[in-house]
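Chain and residue survey
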Amino acid sequence: MTDMTDPSAVLAALIRCPSVTPEEAGSLATLAAMLAPLGFAVERPVFSEAGTPDVENLFARKGKSGPHLVFAGHTDVVPPGDRDDWHHDPFAATVVDGEMIGRGAVDMKGGIAAFVAAVARLEARGDLPRGQVSLLITGDEEGPAVNGTVKLLAWAGERGERFDACVVGEPTNRSALGDMIKIGRRGSLSGEVKVTGLQGHVAYPDLADNPVRTIVAIAEALMAEPLDQGTDRFPASNLEITSIDTGNPAVNVIPARSRLSFNVRFNDLWTPETLAQELRRRIDGATSASPLRPGRAAASVEVVWRERPADAFVTRDDALTQSLTAAIAEVTGRTPELSTSGGTSDARFIKDCCPVVEFGLVGKTMHMANERVALVDLEGLTQIYETFITRWFAARP
């Protein structure tokens, strides 16, 4: 039987479940078997949507009243890639020179293991504060994020669950355990611009219209002027062109169509709606100023926005951030940076339910071959979570 107070034992058991999105592969069953003896009521709802794989999730709660702290994360992992790039089986949880090697070691089965061990230690000592502690775990974070946290939160809300604060155990630290807490995230908006011209022979340009003329003008208009100068918590919003393509392999054919893809990581000066309006203004301006050929009508342009844009957000909850900052300082001696850097995470969904921050392991090897975690960091994170849980409940009225 797994010793739940030992985070390395918990992590090894989880890594040995090859839960590549969307496969559960025993990971949630293993986690449920660990939580039940600690007094957690465990449920494992499965969510579905047409065109996407079914995904199993887990919600576990201990306590029936009082302040409610929830830990959120995911047991699904990215594929290991070429097995020849791994020095050891990516699902064997091999320990070498004080490090555990395996897919998901830091992203983010290690964070789950540390939280489970922290709760188990507090329970064993009789020090678990009165109130409610929950785990909200999905199997869909590394995939399309359709049948995971969004639906799990709605499912919990329909059952009357209310959360006062959340910690997401994603790997947030750059270099050393305790150097960064994520207190927010930039928003993300992706789109595609399609320009239609008229195909023809390059030797007879008067008989054709080259859409590349307009797509280049649109690219320049999107990138030339800064979107903003940043805010007190966020850097300046940034747009990047990620692809320009005509799908045309021939050098003597003027293409009929051209496509441009882009992504914007934006701060809290924008919403997806206001940002889309600004980008559309720039696209329309470039289109009207750049006919396919001089003297001809403006190009035919279609803008397609990708589904599920992410809002920018920042958490301003002193009890949450100060409790976690103090716990980190107590265990590591470091004062963490409060950051909004990086990409998106499931915190973008949780923010609509309660204040949320992210803190986990050092993320240097996440998604890499030979992903690994130093056992000393795993123990350190467990101690931080232990201290944080105690401090957070003590700070509640």
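That block above? That's the structure.
To keep things clear, this report deals only with the structure shown in the data block. Quantities reported herein were computed from a predicted structural model and do not represent experimental measurements.

1. Some remarks on helix H9 (residues 375-395)
The end-to-end C-alpha separation of H9 is 30 Å, in line with the 30 Å expected for 21 residues at 1.5 Å each. Among all positions in H9, only Leu378, Gly380, Leu381, Thr382, Ile384, Tyr385, Glu386, Thr387, Phe388, Ile389, Trp392 and Phe393 are buried.

2. Section: the sheet that holds strand S6 (residues 94-96)
The strands making up a sheet are joined through hydrogen bonds of the backbone, oriented either antiparallel or parallel. Spatially, the three strands line up as an open sheet ordered S6-S7-S21, and their pairing is antiparallel. Edge positions in the sheet fall to S6 and strand S21 (372-374), since each of these pairs with one other strand and no more. Neighbouring strand axes in the sheet, compared pairwise and without regard to direction, differ in orientation by 25° on average. Bridge analysis of S6 against strand S7 (residues 99-101) gives three bridges, and the strand direction is antiparallel. Paired with Val95 across the two strands is Met100, which belongs to S7. Each of S6, S7 and S21 is contacted by H9, which is oriented at about 70° to S21, the strand it contacts most.

3. Some remarks on helix H7 (residues 318-332)
Helix length check: H7 (15 residues) gives 20 Å between terminal C-alpha atoms against 21 Å at 1.5 Å per residue, within 8%. When H7 is considered as a whole, its buried residues turn out to be Leu320, Thr321, Ser323, Leu324, Thr325, Ala327 and Ile328. Residues of H7 that are buried sit in contact with strand S9 (165-168), strand S10 (180-182), strand S19 (337-339), strand S20 (356-358) and H9. At the C-terminal side of H7, Gly333 shows a positive phi close to 80°.

4. What to know about the environment of Val301
Residue position: Val301 is located in strand S17 (residues 300-305). The sequence separation of Val301 and Gly197 amounts to 104 residues, and the corresponding C-alpha distance is 9.4 Å. Apart from the residues lying within four places of it in its own chain, the contact partners of Val301 are Val193, Lys194, Val195, Thr214, Ile218, Arg280, Ile283 and Thr287.

5. Quick look at the sheet that holds strand S12 (residues 187-196)
On the basis of which strands lie adjacent, the open sheet formed by four strands has the order S14-S16-S12-S17 and antiparallel pairing. Of all the strands in the sheet, the pair left with one neighbour each is strand S14 (238-245) and S17. Across this sheet, the average inter-strand angle for adjacent strands is 20°, counted without regard to direction. Examined bridge by bridge, S14 and strand S16 (residues 257-266) share seven bridges and lie antiparallel to one another. Its bridge partner lying in S16, Asn238 is registered against Arg265. The sheet contacts of helix H5 (residues 212-224) involve S12, S14, S16 and S17, and relative to S14 the element is tilted by about 165°. Lying on the sheet, helix H6 (residues 272-289) is in contact with S12, S14, S16 and S17; it crosses S17 at an angle near 165°.

6. Comments concerning the nonpolar core
Val116, Phe359, Tyr385, Phe388 and Ile389 are the most contacted members of the largest nonpolar core, which totals 57 residues. A per-element tally of this core places helix H3 (residues 109-125) first, with nine residues. If you look at the next biggest cluster of nonpolar residues, it comprises 24 residues, including Leu227, Phe262, Leu275 and Val303.

7. Describing the pairing of strand S8 (residues 132-138)
Here S8 lies mainly inside the structure; seven of its seven residues are buried. Side-chain alternation along S8 places Gln132, Ser134, Leu136 and Thr138 on one buried face and Val133, Leu135 and Ile137 on a second face that is also buried. Bridge count between strand S4 (residues 58-62) and S8: five bridges; the pairing is antiparallel. Bridge assignment links Leu58 to a residue of S8, and that residue is Ile137.

Calculation rules
- Residues numbered from 1 in each chain as written.
- Predicted model: local features only at pLDDT ≥ 70, side-chain atom pairs only at ≥ 80, totals over all residues.
- Heavy atoms only, no water.
- Helix = DSSP H or I, 4+ residues; strand = E, 2+ residues; numbered from the N terminus.
- Expected span 1.5 Å × (residues − 1).
- Buried < 20%, exposed > 50% of the residue type's maximum accessible area, 1.4 Å probe, protein only.
- Pairing = 2+ DSSP bridges.
- Axes fitted to C-alpha atoms, helices over the stretch in contact; angles between N-to-C directions.
- Contact = heavy atoms within 4.5 Å.
- Core = buried A, V, L, I, M, F, W, Y, C linked by side-chain atoms within 4.5 Å.

Functional significance is not addressed by these values, which are geometric in nature.
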